[in-house]
Protein chains: 2
Amino acid sequence: MQNILFDFISKYISLTEEEKNAILSLDIFRSMKKGATLLKEGQKSNDSYFVLKGCIRTYYVLDGEEKTTAFYTEMEALTPYCVISKTPSQYFISCIEDTLLLVTNSDMEERVNSQFPKFDIMCRLFSAEVLAKNKIDFDEFKTSSPEQRYLNLLQKRPDLIQRVPQRQLASYLGIKPESLSRLRARIMEKDKK
Amino acid sequence: MQNILFDFISKYISLTEEEKNAILSLDIFRSMKKGATLLKEGQKSNDSYFVLKGCIRTYYVLDGEEKTTAFYTEMEALTPYCVISKTPSQYFISCIEDTLLLVTNSDMEERVNSQFPKFDIMCRLFSAEVLAKNKIDFDEFKTSSPEQRYLNLLQKRPDLIQRVPQRQLASYLGIKPESLSRLRARIMEKDKK
DNA sequence: TTAATTTCTTAACTTAAGTTAACGAGTTCC
DNA sequence: GGAACTCGTTAACTTAAGTTAAGAAATTAA
């Protein structure tokens, strides 16, 4: 279980045994059940999440409707905006599957990072990478139609389409569930020909 | 001119005179003319940008059409994905106005950061903040209609609507220029009532 | 300053997403 | 086991974005 984490970290920095032990001693591994809620709208929090196994999502409740905007799966991290801004969260975070997470809080991070400055470097490298990738994703979203987005997802993250309920997938694609159904039927029809 | 930068940095860390001088000695200030191109599709680069004054945009050329996906104005930073991935860029970057920039390359950053580990901390804090904000922006985009996006932009970044050509604004909002024109006319009509 | 080019707007038409409603197939909960 | 709910799909209808085209306005280049 730890190995998943250390393999991931090794992509950015190399760790000594001492540093590995420091991480393990933090007791940040958390196992969550499907459906469990990590953060609620209106709530304040200092916790960041890193998914080792499973899947979590962020969603808003707008006009009584859930709008799922993002999924985080293996080796993806999320620091909610409320952690940065110290304001109540605008969105919910919950587990779509049984999920194994790292949960860290900002105090803990500051402490460890000041003890091991190397972690600052890792965080910098990791977030620069995620930032640049997010931009590409956002750009792609802006420049394509719902149908193209769906086909694109089918290529790049076929697993998501399997593991996520359709209605969540729909709002992730920026459309209504009925439109996703129709769009899928349209694609099937084309494929037949 | 430097003060703009140091004021900004002071939001994250405090700098000694030595550290300030180290930054200044890097010779990273660049003044660009309106229309100048910073990065082209297909090109490799190690340069990151930080806008001190003016405005730059990123755009793709798809089917011979320019698709502008992002604008960066005062105190906003961009590290292109090609810098991270070491692959040719998928998008262009150019100046919409006469622009004053910091241009840093990754070697330079590594050197300075290793000399002043404090900079790693700053980069970590800054990118964590930008990352969390980008997520909110993306979420907002997904959960709203083109018209809502435009009204939202009118609230949050009225300056952009002034300084940016309509057709660039349209693709930034994920629609065609004709749709933006129509949408604006629709809003005007509503306002009249 | 004029000519050329690009930009913005408007209009008519097409296409697809939003909306509302209905139905069958699971799920969850008494 | 049955009732209440939720989920995914389909259909009919509404609304708005995409497309094509044309003309006026603004920019740019000669």
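Residues numbered from 1 in each chain as written. Chains lettered and ligands numbered in written order. Predicted model: local features only at pLDDT ≥ 70, side-chain atom pairs only at ≥ 80, totals over all residues. Heavy atoms only, no water.

Draft legend 1. Broad picture of the protein's contact with DNA strand C. In the region of DNA strand C, 15 residues are neighbours, and Ser179 and Arg186 of chain A together with Gln166, Arg167 and Ser181 of chain B sit closest. Counting only atoms of DNA strand C within 4 Å of the protein, the fraction found in sugar and phosphate groups is 66%. Backbone polar atom of Gln166 of chain B to a phosphate oxygen of DNA strand C: 2.8 Å apart, as the coordinates give it. The contact in question runs from a phosphate oxygen of DNA strand C to an N or O atom on the side chain of Ser181 of chain B, over 2.7 Å. Looking at the surface near DNA strand C, the element that brings in the most residues is helix H9 (residues 177-192) of chain B, giving five residues. Its residues assigned to classes, the surface near DNA strand C shows four nonpolar, three polar and eight charged. (Near = heavy atom within 4 Å. Polar contact = N/O pair within 3.5 Å; in protein donor to acceptor, adjacent residues only side chain to side chain. Helix = DSSP H or I, 4+ residues; strand = E, 2+ residues; numbered from the N terminus. Nonpolar A, V, L, I, M, F, W, Y, C, P; charged D, E, K, R; others polar.)

Draft legend 2. Summary view of the protein's contact with DNA strand D. Close contacts around DNA strand D come from 15 residues, with Gln166 and Ser181 of chain A together with Ser179, Arg182 and Arg186 of chain B the closest. For DNA strand D, the fraction of atoms within 4 Å of the protein that belong to sugar or phosphate moieties is 66%. Between DNA strand D and Ser179 of chain B, the relevant distance is 2.6 Å, taken from a phosphate oxygen to a side-chain nitrogen or oxygen of the residue. Taken together, the elements giving at least two residues each to the surface near DNA strand D come down to helix H8 (166-172) and helix H9 (177-192) of chain A together with H9 of chain B. Ranked by residue count, the leading element in the surface near DNA strand D is H9 of chain A, at five residues. Its residues assigned to classes, the surface near DNA strand D shows four nonpolar, three polar and eight charged.

Draft legend 3. Highlighting the sheet that holds strand S8 (residues 99-105) of chain B. Residues and elements named next belong to chain B. With antiparallel pairing, four strands are arranged side by side in an open sheet as S1-S8-S3-S6. Whereas interior strands pair on both sides, the edge strands pair on one side only; in this sheet they are strand S1 (29-32) and strand S6 (77-78). Strand contacts of helix H4 (residues 106-115): strand S3 (47-53) and S8, with the helix running at about 75° to S8, the strand carrying the most contacts. (Pairing = 2+ DSSP bridges. Contact = heavy atoms within 4.5 Å. Axes fitted to C-alpha atoms, helices over the stretch in contact; angles between N-to-C directions.)

Draft legend 4. Representation of helix H1 (residues 2-9) of chain A. Residues and elements named next belong to chain A. Buried within H1 are the following residues: Leu5, Phe6, Phe8 and Ile9. Mapping the buried residues of H1 onto a view down its axis gives an arc of 160°, with all of them on the same face. For H1, the exposed residues set more than 90 degrees away from the buried face come down to Asn3 and Asp7. (Buried < 20%, exposed > 50% of the residue type's maximum accessible area, 1.4 Å probe, protein only. Arc of directions from axis to C-beta.)

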